[in-house]
Amino acid sequence: MPLKIELKPHESIIIGESLITNDGERTRFYIEGNVPILREKFILREAEANTPCKRIYFIVQQMYLSRNPEKLHAMYLQYVRDLQNAAPSLIPYVSPVNECIINADYYGAIKAADKLIKKEDELFGETLKGNL
């Protein structure tokens, strides 16, 4: 069964290794096949990865989109170590991300990393905004 995608005007989506940006009209299309797909609300650009949890999210996103995600595992572990040094209270929230990565469920890892970012913002939001 194909996946139906509707894009709002100027909304972006990543399909495989391509970033697609819609023009000024609403668009609907169907995708068949097994490729990574990431809607704009889940896309984090590298320049936006400016906190420990956002860096973790960004590298997990790269794993999801990569043909060889294992090559990014070492960088992911470094970012987790950085988080452990910066905010040890957030380490328990990394466990669901780790579990998904171990099971090669990179889309699930993105969802878990999104929750990690929300927790980071909940605990340190104003502090982080002042340091950026």
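Because the structure is a prediction, the values reported are computed rather than measured.

Turning to a positive patch on the surface, a few remarks are in order. On the surface, K8, K41, K111 and K115 cluster together to form a positively charged patch. As for its placement among the helices and strands, K8 is situated in the loop between β1 (3-7) and β2 (12-15).

Turning to the nonpolar core, a few remarks are in order. In this structure, L38, V60, Y76, L83, V97 and I101 are the most contacted members of the largest nonpolar core, which totals 32 residues. Elements that contribute at least two residues to this core include exactly α1 (52-65), α2 (73-86), α3 (95-102) and α4 (106-131). Counting residues per element, this core draws most heavily on α1, which supplies nine residues. Apart from the residues lying within four places of it in its own chain, the contact partners of V60 are Y76, V97, I101, Y106, A109 and I110. If you look at the next biggest cluster of nonpolar residues, it comprises six residues, including I5, I13, I15 and I37.

The next subject is the sheet that holds β2. Pairing is antiparallel across the open sheet formed by three strands, whose spatial order is β3-β2-β5. Edge positions in the sheet fall to β3 (18-21) and β5 (37-39), since each of these pairs with one other strand and no more. Here the average twist between neighbouring strands, direction ignored, is 20°. In terms of strand pairing, β2 meets β5 through three bridges, oriented antiparallel. In the sheet register, I15 faces β5, and the bridge partner there is I37.

Applying the stated rule across the entire model yields zero disulfides. With no disulfide of its own, C53 has C100 as its nearest cysteine by sulfur position, at a separation of 16 Å. For C53, a relative accessible area of 0% gives the class buried. Taking the relative accessible area as the measure of exposure, C100 reaches 15% and is therefore buried.

Calculation criteria
Residues numbered from 1 in each chain as written. Predicted model: local features only at pLDDT ≥ 70, side-chain atom pairs only at ≥ 80, totals over all residues. Heavy atoms only, no water. Patch = residues over 30% accessible without salt bridge, like charges linked within 9 Å, V, L, I, M, F, W, Y side chains within 5 Å. Areas by Shrake-Rupley, 256 points an atom, 1.4 Å probe, with all protein chains shown as cover. Salt bridge = Lys/Arg side-chain N within 4 Å of Asp/Glu carboxyl O. Lys, Arg positive; Asp, Glu negative; His and termini not counted. Charge placed at Lys NZ, Arg CZ, Asp CG, Glu CD. Helix = DSSP H or I, 4+ residues; strand = E, 2+ residues; numbered from the N terminus. Core = buried A, V, L, I, M, F, W, Y, C linked by side-chain atoms within 4.5 Å. Buried < 20%, exposed > 50% of the residue type's maximum accessible area, 1.4 Å probe, protein only. Contact = heavy atoms within 4.5 Å. Pairing = 2+ DSSP bridges. Axes fitted to C-alpha atoms, helices over the stretch in contact; angles between N-to-C directions. Disulfide = S-S within 2.5 Å.

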